[in-house]
Amino acid sequence: QVQLVESGGGLVQAGGSLRLSCSASGSKFRINDMAWYRQAPGEQRERVATITSAGSTNYLDSVKGRFTISRDNAKNTVYLQMNSLKPEDTGVYICNADVQERDPYDLRYYSMNIWGKGTLVTVSS
């Protein structure tokens with residue numbers, strides 16, 4: 001089964017930078033759109049940035065100009081470069097992907113949407 005694993009979170013001062021990574025692993029799969037979400041304590045999860053398999057991107061208004069999403073299709077990895085971080089960027093950052101995974105028995109590809117477990121980003125003022 002395809003799994004997503006995030007890394008790169010941590011504690012940073014306001015104005016600092018972090019780079020998050022999310023790698024997909026498994027056997028016989030294809031990845032379509034990928035995205036980063038975040039969830040602050042006591043708040044709803046919100047979508048921060050998305051990237052299609054062709055490289056088209058979209059961002060939450062509050063992170064435009066500060067965050068950059070990118071992907072390396074050969075490594076099945078998506079990145080989120082976060083600059084000029086603010087305390088309000090604090091939260092658990094969670095990777096999401098639309099994947100097609102091949103069933104080992106009937107050899108057909110099935111579409112599914114999967115989530116990582118998240119990585120904590122804390123921005124101090």
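As the structure is a prediction and not an experimental result, all values here were calculated from the model.

Analysis parameters
Residues numbered from 1 in each chain as written. Predicted model: local features only at pLDDT ≥ 70, side-chain atom pairs only at ≥ 80, totals over all residues. Heavy atoms only, no water. Core = buried A, V, L, I, M, F, W, Y, C linked by side-chain atoms within 4.5 Å. Buried < 20%, exposed > 50% of the residue type's maximum accessible area, 1.4 Å probe, protein only. Helix = DSSP H or I, 4+ residues; strand = E, 2+ residues; numbered from the N terminus. Contact = heavy atoms within 4.5 Å. Disulfide = S-S within 2.5 Å. Pairing = 2+ DSSP bridges. Axes fitted to C-alpha atoms, helices over the stretch in contact; angles between N-to-C directions.

Further remarks concern the nonpolar core. Nonpolar side chains tend toward joint burial in soluble globular proteins. With 29 residues, the main nonpolar core has W36, F67, I69, V78, L80, M82 and Y93 as its most contacted residues. Elements with a minimum of two residues in this core: strand 3 (18-25), strand 4 (29-39), strand 5 (46-51), strand 7 (67-72), strand 8 (77-82), strand 9 (91-102) and strand 11 (119-124). Here F67 is in contact with R38, V48, Y59, L80, Q81, M82, N83, L85, D89 and Y93, once residues within four sequence places are set aside.

What follows concerns the state of the cysteines. Applying the stated criterion to the full structure yields one disulfide. Bridging C22 to C95, the disulfide has an S-S length of 2.1 Å. Since a negative S-S torsion denotes a left-handed disulfide, the C22-C95 link at about -85° is left-handed. Remark: C95 occurs in strand 9 and C22 occurs in strand 3; sequence separation between them is 73 residues. Overall, C22 belongs to the buried group, its relative accessible area being 0%.

Right, let's talk about the sheet that holds strand 7 for a bit. Here we have four strands laid out as an open sheet, ordered 1-3-8-7, and antiparallel in their pairing. Both edges of this open sheet fall to strand 1 (3-7) and strand 7, since each of them pairs with a single strand only. Adjacent strand axes in the sheet meet at a mean angle of 15°, parallel and antiparallel pairs treated alike. Note that strand 1 and strand 3 share five bridges and pair antiparallel. Among the inter-strand pairings, V5 is bridged to a residue of strand 3, identified as S23.

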